[in-house]
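# Observations on chain architecture
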Amino acid sequence: MPYARLFLAGFRRRTTYRLAILAGVVTNSSFGLIRCAVLVAMAGAAAGGSTAAGAGGPDGVGVLLGGYDTAGLLAYAWITQALLGPVNIWSGTDLRDRVRSGDIAVDLARPIDVQGALLAHDAGYSLAAVIPRSIPTLLIGVLVVGVRLPTAASVWLAGLVSIVLAVVVSYLARFLLQSAAFWITETRGLLNLYAGAAGIFSGLIMPLAIMPDGLRALAYATPFPALIQIPADVLGGRALGADALGLLGVQLLWLVVLAVAGRFALAAGSRRLVVAGG
């Protein structure tokens, strides 16, 4: 089956460079420590300068910042760092590169769907990051700063579903963005703009609950929270039951919207495609 082979090719592509995987773990862990320090310092300042561990509730861990207590902030920082590998919100230019090189003409002539084929490859690429990168990152967070992860099986199940949806939404958003290569020659500026917006509005830099109301509303009007904020809240146990199902529904909605938009963009781009020599 071609899609299974493409999935395997994506998996092998990422696992080939083992030192890059190790570097990813080191980088994720380093930024995890930095983000923990920044978030807890922000919480301490918001609590009026009191110590992070002692601000608030009777158990010594009160609500500090945006509804997150100290444990919640630490868990959020490390879960989002662990999500970076599989969700892959920034990298990936396969469609753009194939349009620029003219290889997309061969892809369109093949008896497989271009959007589905690239999704299969991207899914394998994302899965390859889970065991060697995401799990070690979480373990470092547990061992070094005492991150507390949920123990309920229902939370983990909902979290895994949310991660899968986030991976697909991320791919579909990047596919739609790279479809601009059918119309414009240079897309690096557009990709850089997307990378900056994704970092801010996905909840990677900080939880969206911390943002001003207007900026937070703007973020939730985009698909970016479905990439990081929503899976982090579901996997971290912040959203449970009906709330978790509602967030999964938001991810599914964006998946459908982006998939349809991507198909229209591919169809429109294919109609105007001109490949030199053929």
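## Here's the deal with the overall build of the protein
In terms of helices and strands, the protein carries 12 helices and two strands. Secondary structure elements in the protein, listed N-terminal to C-terminal, are α-α-β-β-α-α-α-α-α-α-α-α-α-α. Its C-alpha atoms put the protein at 70 × 40 × 35 Å along the principal axes. Across the 278 residues in the protein, those meeting the buried criterion constitute 45%. Counting contacts in the protein only where the partners sit at least 6 residues apart, residues at least 24 apart contribute 76% of the total. For the protein, the exposed area adds up to about 13,500 Å²; of that, 70% sits on carbon and sulfur atoms. Positive and negative side-chain charges in the protein, numbering 19 and 12 respectively, have mean positions lying 8 Å apart.

## Comments concerning the confidence of the model for the protein
Of all residues in the protein, 93% have pLDDT values of 70 or greater, and the mean over the chain is 87. Confidence scores differ between elements of the protein, with strand β1 (residues 63-65) showing the lowest mean pLDDT of 66 and helix α8 (residues 153-178) the highest of 95. In the predicted structure, residues 50-61 sits below a pLDDT of 50 and forms 18 contacts with residues beyond four places in sequence or in another chain.

## Comments concerning helix α3 (residues 70-87)
An α-helix turns once every 3.6 residues. As a result, residues three or four positions apart point the same way. With 18 residues, α3 ought to run about 26 Å at 1.5 Å a step, and its terminal C-alpha atoms sit 25 Å apart, in line with that. At the N-terminal end of α3, a side-chain oxygen is found 3.3 Å from the backbone nitrogen of Ala71, two or three residues along, and the residue is Asp69. Of the residues flanking the end of α3, it is Asn88, one or two places downstream, whose phi is positive at about 55°.

## A few points about the layout of surface pockets
The calculated volume of the largest pocket comes to roughly 440 Å³. Considering the residues around the largest pocket, the lining is formed by 18 residues, among which Pro86, Val130, Leu160, Ile163 and Val164 are closest to the centre. Listed by contribution, the elements that provide at least two residues to the lining of the largest pocket are α3, α6 (114-127), α7 (130-145) and α8. Take the lining of the largest pocket: its biggest share by element is six residues, from α8. Split into classes, the residues belonging to the lining of the largest pocket amount to 16 nonpolar, two polar and no charged.

Reading guide: rules and limits
- Residues numbered from 1 in each chain as written.
- Predicted model: local features only at pLDDT ≥ 70, side-chain atom pairs only at ≥ 80, totals over all residues.
- Heavy atoms only, no water.
- Helix = DSSP H or I, 4+ residues; strand = E, 2+ residues; numbered from the N terminus.
- Buried < 20%, exposed > 50% of the residue type's maximum accessible area, 1.4 Å probe, protein only.
- Contact = heavy atoms within 4.5 Å.
- Areas by Shrake-Rupley, 256 points an atom, 1.4 Å probe, with all protein chains shown as cover.
- Lys, Arg positive; Asp, Glu negative; His and termini not counted.
- Charge placed at Lys NZ, Arg CZ, Asp CG, Glu CD.
- pLDDT = per-residue confidence, 0-100.
- Expected span 1.5 Å × (residues − 1).
- Polar contact = N/O pair within 3.5 Å; in protein donor to acceptor, adjacent residues only side chain to side chain.
- 1 Å grid on protein atoms, 1.4 Å probe; cavity = no way out; pocket = protein on both sides within 12 Å on 5 of 7 lines; lining within 4 Å.
- Points joined across faces, edges and corners; volume = space filled by probe spheres on them.
- Nonpolar A, V, L, I, M, F, W, Y, C, P; charged D, E, K, R; others polar.

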